[in-house]
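Remarks on the overall topology
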Amino acid sequence: MKVSVFGLGYVGSVSAASFAADGHTVVGVDVNPDKVASLNDGRSPIVEKGLDELIRDTTADGRLRATTSTTDAVNSTDLSLICVGTPSRKNGSLDLSYLERVCEQIGEALKDKAAYHVVVVRSTVLPGTTHGIVIPALERTSGKTYGSDFGVAVNPEFLREGTAIADFRNPPMTLVGHNYASDAETTQALYAKVEGEMVTTSIRTAEMIKYASNTWHALKVCFANEVGNLCKRLEIDSHEVMDIFCLDEKLNLSSYYMKPGFAFGGSCLPKDVRAMQYRAKEVDLDMPVIQSILGSNQLQIQHAIDMVADTGKKRVGLLGFSFKAGTDDLRESPIVILAEALLGKGYQLCIYDKNVSIARLVGANKDYINKQIPHLSSLLTESIDELIEKSDVLVVGNGSPEFADALRKTRPDQMVIDLFRVKGIDPEQVPAHYTGICW
Ligand SMILES: NC(=O)c1ccc[n+]([C@@H]2O[C@H](COP(=O)([O-])OP(=O)(O)OC[C@H]3O[C@@H](n4cnc5c(N)ncnc54)[C@H](O)[C@@H]3O)[C@@H](O)[C@H]2O)c1
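Scoring rules and cut-offs
- Residues numbered from 1 in each chain as written.
- Predicted model: local features only at pLDDT ≥ 70, side-chain atom pairs only at ≥ 80, totals over all residues.
- Helix = DSSP H or I, 4+ residues; strand = E, 2+ residues; numbered from the N terminus.
- Buried ≥ 20, exposed ≤ 12 C-beta atoms within 10 Å, placed from the backbone.
- Contact = placed C-beta atoms within 7 Å.
- Near = placed C-beta within 6 Å.
- Nonpolar A, V, L, I, M, F, W, Y, C, P; charged D, E, K, R; others polar.
- Core = buried A, V, L, I, M, F, W, Y, C linked by C-beta atoms within 7 Å.
- Expected span 1.5 Å × (residues − 1).
- Axes fitted to C-alpha atoms, helices over the stretch in contact; angles between N-to-C directions.
- Parallel < 35°, antiparallel > 145°, perpendicular 65-115°, else oblique.
- Left-handed = near helix turned anticlockwise from the far one by under 90°.
- Arc of directions from axis to C-beta.
- Pairing = 2+ DSSP bridges.
- Right-handed = clockwise from strand over helix to strand, strands pointing away.

This next bit is on the overall build of the chain. Tallying secondary structure elements over the chain gives 19 helices and 14 strands in all. For the chain, the spread of C-alpha atoms along the three principal axes comes to 80 × 60 × 40 Å. Of all 439 residues assigned to the chain, the portion counted as buried reaches 36%. Pairs at least 24 apart in sequence give 65% of the contacts found in the chain among residues at least 6 apart.

Along the polypeptide, Arg 160 turns up in the loop between β6 (150-154) and α7 (164-169). Along the chain, Arg 160 and Val 11 lie 149 residues apart, while their C-alpha atoms are 9.3 Å from each other.

A few words now on the site of the ligand. In the neighbourhood of the ligand, 25 residues make up the surrounding shell, with Gly 7, Gly 9, Gly 85, Ser 123 and Thr 124 lying closest. Among the secondary structure elements, those contributing two or more residues to the shell around the ligand are α1 (10-21) and α5 (97-110). For the shell around the ligand, the leading source of residues is α5, giving 4 residues. When grouped by side-chain class, the residues that make up the shell around the ligand number 11 nonpolar, 9 polar and 5 charged.

This part takes up the nonpolar core. Within the largest apolar cluster, 58 residues are counted, with the highest numbers of intra-cluster contacts made by Ala 17, Ile 82 and Leu 138. Considering each element in turn, this core owes the most residues, 8 residues, to α1. If sequence neighbours within four positions are ignored, Ile 82 has contacts with Phe 6, Gly 7, Leu 99, Val 102, Val 119, Val 120, Val 121, Arg 122 and Ser 123. Among the nonpolar cores identified, the runner-up in size contains 41 residues, and Leu 319, Ile 335, Leu 349 and Leu 376 belong to it.

The backbone of Asp 284 sits at a positive phi, close to 55 degrees, despite the residue not being glycine. Along the chain, Asp 284 falls in the loop between α11 (269-282) and α12 (288-291). Phi at Arg 421 is positive, roughly 75 degrees, even though this residue is not glycine.

A separate point is α5. Given a rise of 1.5 Å per residue, 14 residues ought to cover 20 Å, and the 20 Å separating the end C-alpha atoms of α5 matches this to within 8%. Considering only its buried residues, α5 is in contact with β1 (2-6), α4 (70-75), β4 (79-82), β5 (117-121), α6 (129-142) and β6.

Here we come to the packing of α1 against helix α3 (residues 51-60). Running from amino to carboxyl end, α1 crosses α3 at an angle of 50 degrees, the nearest separation of the two axes being 9 Å. Classified by the interaxial angle, the pair formed by α1 and α3 is oblique. As α1 packs across α3, the resulting crossing turns out to be left-handed. Contact with α1, carried on its side by Ser 13, Val 14, Ala 17, Ser 18, Ala 20 and Ala 21, involves Leu 51, Leu 54, Ile 55 and Thr 58 of α3 and no other residues of that element. Looking at the contact of α1 with α3 residue by residue, the class counts come to 7 nonpolar, 3 polar and no charged.

Contact pair helix α13 (residues 293-311) / helix α14 (residues 334-344): the axes reach a minimum separation of 10 Å and the direction vectors enclose 45 degrees. Judged by the inter-axis angle, α13 sits oblique to α14. In the crossing of α13 with α14, the sense of the turn from one axis to the other is right-handed. For the pair formed by α13 and α14, the contact residues are Ile 301, Ala 304, Ile 305 and Val 308 on the first element and Pro 334, Ile 337, Leu 338, Ala 341 and Leu 342 on the second.

Another aspect to go through is helix α8 (residues 181-190). Looking at α8, one finds that the buried residues are Asp 183, Ala 184, Thr 186, Thr 187 and Leu 190. Along the axis of α8, the buried residues cluster in a sector spanning 160 degrees; they form a single face. Turned more than 90 degrees off the buried face of α8, the exposed positions are Ala 181, Ser 182 and Ala 189.

Ordered in space as β11-β10-β9-β12-β13-β14, the 6 strands form an open sheet in which the pairing is parallel. Each having just a single partner strand, β11 (380-381) and β14 (433-436) make up the two edges of the open sheet. Summarising the sheet, strand β9 (residues 315-319) and strand β10 (residues 348-352) pair through 5 bridges and their orientation is parallel. Residue Leu 319 lies in a different strand from β10, and its bridge partner there is Tyr 352. Here α14 sits on the sheet in contact with β9 and β10, set at roughly 160 degrees to β10.

Before going further, it helps to examine the sheet that holds strand β3 (residues 64-67). Spatial ordering of the open sheet is given by β3-β2-β1-β4-β5-β6-β7-β8, a layout of 8 strands whose pairing is mixed. Both edges of this open sheet fall to β3 and β8 (197-201), since each of them pairs with a single strand only. The mean inter-strand angle of the sheet, taken between neighbouring strand axes irrespective of direction, is 25 degrees. In terms of strand pairing, strand β2 (residues 25-29) meets β3 through 4 bridges, oriented parallel. By the bridge assignment, Val 26 is partnered in β3 with Leu 64. Each of β5 and β6 is contacted by α6, which is oriented at about 155 degrees to β6, the strand it contacts most. Against the sheet, α8 engages β1, β4, β5, β6, β7 (173-178) and β8, with an angle of about 60 degrees to β6.

Most of β10 is tucked away, with 4 of its 5 residues classed as buried. A crossover connection joins β9 to the parallel β10 through α14; in handedness this β-α-β unit is right-handed. Pairing analysis gives 2 bridges linking β10 to β11, with the strands arranged parallel. When the bridges of β11 are listed, Tyr 352 appears paired with Thr 381.

Shown next, in the form of structure tokens:
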């Protein structure tokens, strides 16, 4: 393919040289003439292991060259990758001036180009930026129409400086956000020789995934450091702890616990986070990330309370009472906390949970249910139909499989607030107004 790469910084130089090494014909573009001259001399404009050799070989083969001319680059290629910087302003917001400027320059060049051209945003940009800035700037300056005259895709970069070439070759995934399949296909074709899974999605989702990823990486670093600091105070080898911790790919390093939904609860997580925080306090250690966990969890419960309050309705049915399906354990169940808050505010509650109903009669939890929460226990019904009949708002609290059927039986005058994202149901099949807590 014929590709132009705008911005010869850390991302652009590695991408340009690596695509050229894969056999594409690449034109690098930068406003900085020194970077352009360096690349044309076969030298890397940045320090990155292996890049000098890659640029030397690909420029010598004639597959890579650089220019300061946008028109030259756009006219001689079919696809342009945008790799300009998107730095932070003092207040934390993104400075998108380089991005907007480069889009205007590409748009100007597209004005006189007859062939369809695809512009791919590789810079890191917040959700909405491609639709709000990139496409309007390209349309405004080219006088052409997105979708018919030119295409746009978003292709976030996951490389790490220092291992950038290896990361380019073997990325965690290649992610392409698009609105038109043909734009995605053109972008995907660039990566024919690159390892790893190819994932396509919408433009806004692709933009968001990059931020979720980098924030997650940052969180991992701070979490490990806080665990390390506590280990040191307790004279435990933090590396041994985290090495063993990382062996658990079922719960620790996995997709488990990574689904947006309701607060955590139960007899372990809240208690153990609290105990660890307390131990840190005893040794005068601040752990700001870990110390913020319970507050964040509490906010999610408050969020659910606010959603119920916003419906303006007073008769509430809770589907699920224990903190997760398949257990009768009500200790620190966030749904119990939600129920108590609603009851305190004068809502009429009806609660259904098969396991809790059984436990009320025979289980080990019988005493807890009858003594600790008699005010809630008396609100339990054994019939989902009765709960649906009596409620204006239904709140799904856990993932019990029977709730999908229950939602199909709702009425159009009812509202469903799903805290779990019930499986096996299409929202179109729910007669009630259906909304999720965070989707
Ligand atoms: N550095 C990384 O490891 C990394 C990894 C993933 C994603 N990203 C993202 O990729 C983007 C680029 O990051 P970077 O570190 O390569 O930036 P950088 O600052 O190293 O390079 C940006 C380059 O763009 C050039 N430029 C600016 N305006 C231009 C224009 N109008 N035309 C042509 N060139 C222009 C600059 O002169 C500079 O050489 C950012 O959005 C960043 O967040 C960076």
